[in-house]
Amino acid sequence: MYLNIQKEIGSSLIKQIYEQVRSMIIKGELKAHERLSSTREMAINLNVSRNTVITAYEMLIAEGYIKSVPGSGIFISQGAEFAKPPERIIDYSVTAFSAKELSEDIIGFHSGTPALDLFPRNKWSRIAGQVIKEAPDSAFGYDYPQGRPELRNTLAAYLKKTRGINICPEQIIVTTGAKQGLSLVAKLLLQPGSEALIEDPSNENVKKIFLFHTDRITPIEADSEGIRPELFPQDRSPALVFVTPSHQFPLGGVLSIQRRLDLIRYAGKTGCYIVEDDYDSEFRYRGLPISSLQELDNERVIYIGTFSKTLFPSVRLGYIVLPDSLVEQCSELKRLMDHHTNSLNQLTLMRFIENGELERHIRRMKKIYRKRRNSLIECINEYFPGKVRIMGETAGMHIVAEFTDVEFSPKLMKSIEGVGLKIFPVEEHAVIKGKHRHQIILGYAHLNNTDIRNGILRLKEVLD
Ligand SMILES: Cc1ncc(COP(=O)(O)O)c(C=O)c1O
């Protein structure tokens, strides 16, 4: 048996002997029942004291790797060999933006990505630093599952001021992004067999979240004005209706007041809940902010918000506004899921809002996003005159472009990717296939004017 003992390195001789023998046993290089050199032989071979070897052997005996048989010697124990699974190769490139995309010349019109390079990092980090120094000890322990009361107070006031939503802080649950909000609501309201009505097309992730709980997802067509309540089933009682009324994802329509009232009446009649996902309405470029459905019915609407667009996605902060009757149960679910959302981030957000930084940042980004949106629409009109209808441009961070004579088939999408361009067909988000083949989603918030122009030029080259 060969051990490589180095006297000059920091690690003790006992530890080196112990670790090397142990490793040989685990790897199966020393087999069960094989006799180990005696402590005397080993000490002579390694030129170390016998006591050093005795201590190392004692550690191995104590952990069951070897055993001493009086009068016979020291043997490798049975069952100590452990076949190590082959090393896993982790593909770190599988993220929203792949490493390839970031390093190569690829222009990606991803929807819902804010301009990350323009986030005021210094302001956020100054406030985060203050919070770490000044936050009460309770913010460092297991904290309130519903979220810090200071943040919930601030959010209630902020929602009243910016969205006209009149609620008590007790109705709010702070979440780790809108997706967690949706997961909590799905757990709360859906059981196998429950019916969920969802806008069609709808965000793929929303569908996937609901499908974890039920396979009865009923798509309800959305047009340029959002979901069509006249298509709701009248003879059934679904558990929920999922909508994005301020800016339908992905088509971009704003739900008209007539449809809003129909939706509320339907919920009242069938006893279902309306899940309102307000994912990007802060960025509204025309007219007044759209009012929320929640404002119309405090009992049947569950309102979900996120800071992924107004701050940045990795901050993982969002919230749910619930009817009183659901708060306790949802809070308990949140506690069992992850106890609570990071308290220090919550307090940083609270101060960011209280100092007026959030509204300042939104105002600044709105100006920039409006310019980027205008530049995108201009480029489309310049390169495809009279051939494209633009939808959903009054709010948010993406538009939908509908081409009169182009079908975005998988084959065409391959050619588009081939020129270093990523665009996203609406069809991929549709439950009922075939109605949206001419439409693509173009997210623009994170792209500068040069990228926008080059991207649309690449699209023209492929389509030509
Ligand atoms: C419809 C919709 N809701 C919510 C979100 C945000 O999810 P999260 O807050 O988990 O980042 C997105 C993300 O793009 C979205 O498209």
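An account of the accompanying structure is given in this report. All values derive from a computational prediction rather than experimental measurement.

**A look at helix α14 (residues 449-463)**
So, step 1. The end-to-end C-alpha distance of α14, which contains 15 residues, comes to 21 Å, matching closely the 21 Å that a straight helix rising 1.5 Å per residue would cover.
So, step 2. All of the buried residues in α14 are Ile452, Gly455, Ile456, Arg458 and Leu459. The buried side chains of α14 occupy one side of the element, clustering within an arc of 150° when seen end-on. Turned more than 90 degrees off the buried face of α14, the exposed positions are Thr450 and Glu461.
So, step 3. Elements in contact with the buried residues of α14: β4 (107-108), α12 (357-383), β14 (398-403), α13 (410-418), β15 (421-422) and β17 (439-443).

**Some thoughts on the site of the ligand**
So, step 1. Every residue near the ligand is listed here: Gly177, Ala178, Lys179, Asn203, Phe249, Asp277, Tyr279, Thr306, Ser308, Lys309 and Arg316.
So, step 2. Lysine 309 is positioned such that a nitrogen or oxygen atom in its side chain is 2.6 Å from an oxygen atom of the ligand.
So, step 3. Summarising the interface, the protein chains cover 90% of the accessible area of the ligand, which totals 400 Å² for the free molecule.
So, step 4. Across the shell around the ligand, the residue classes tally to three nonpolar, four polar and four charged.

**Things to note about the environment of histidine 247**
So, step 1. Mapped onto the fold, histidine 247 is located in the loop between β9 (240-243) and α9 (257-270).
So, step 2. For histidine 247, a relative accessible area of 2% gives the class buried.
So, step 3. When the C-alpha positions of histidine 247 and serine 138 are compared, they lie 38 Å apart, and in sequence the two are 109 residues distant.
So, step 4. Other than its neighbours up to four places away in sequence, histidine 247 contacts Gly252, Gly253, Tyr279, Asp280, Gly392, Ala395, Gly396 and His398.
So, step 5. For histidine 247, the side chain forms a polar contact with the side chain of aspartate 280, separated by 3.1 Å.
So, step 6. Within polar-contact distance, the side chain of histidine 247 engages the backbone oxygen of alanine 395 at 3.0 Å.

**Things to note about the pattern of salt bridges**
So, step 1. For the structure shown, the criterion picks out 23 salt bridges.
So, step 2. Taking the shortest distance from any N to any O, the salt bridge between arginine 148 and aspartate 143 comes out at 2.8 Å. Pair check on accessibility: arginine 148 and aspartate 143 agree, each one buried.
So, step 3. Among the ionic pairs, aspartate 223 bridges to arginine 259, the shortest N-O distance being 2.9 Å. Of this pair, aspartate 223 sits in strand β7 (residues 216-223) while arginine 259 sits in helix α9, and the two are 36 residues apart along the sequence.

Each value, and the rule that gives it
Residues numbered from 1 in each chain as written. Predicted model: local features only at pLDDT ≥ 70, side-chain atom pairs only at ≥ 80, totals over all residues. Heavy atoms only, no water. Helix = DSSP H or I, 4+ residues; strand = E, 2+ residues; numbered from the N terminus. Expected span 1.5 Å × (residues − 1). Buried < 20%, exposed > 50% of the residue type's maximum accessible area, 1.4 Å probe, protein only. Arc of directions from axis to C-beta. Contact = heavy atoms within 4.5 Å. Near = heavy atom within 4 Å. Polar contact = N/O pair within 3.5 Å; in protein donor to acceptor, adjacent residues only side chain to side chain. Areas by Shrake-Rupley, 256 points an atom, 1.4 Å probe, with all protein chains shown as cover. Nonpolar A, V, L, I, M, F, W, Y, C, P; charged D, E, K, R; others polar. Salt bridge = Lys/Arg side-chain N within 4 Å of Asp/Glu carboxyl O.

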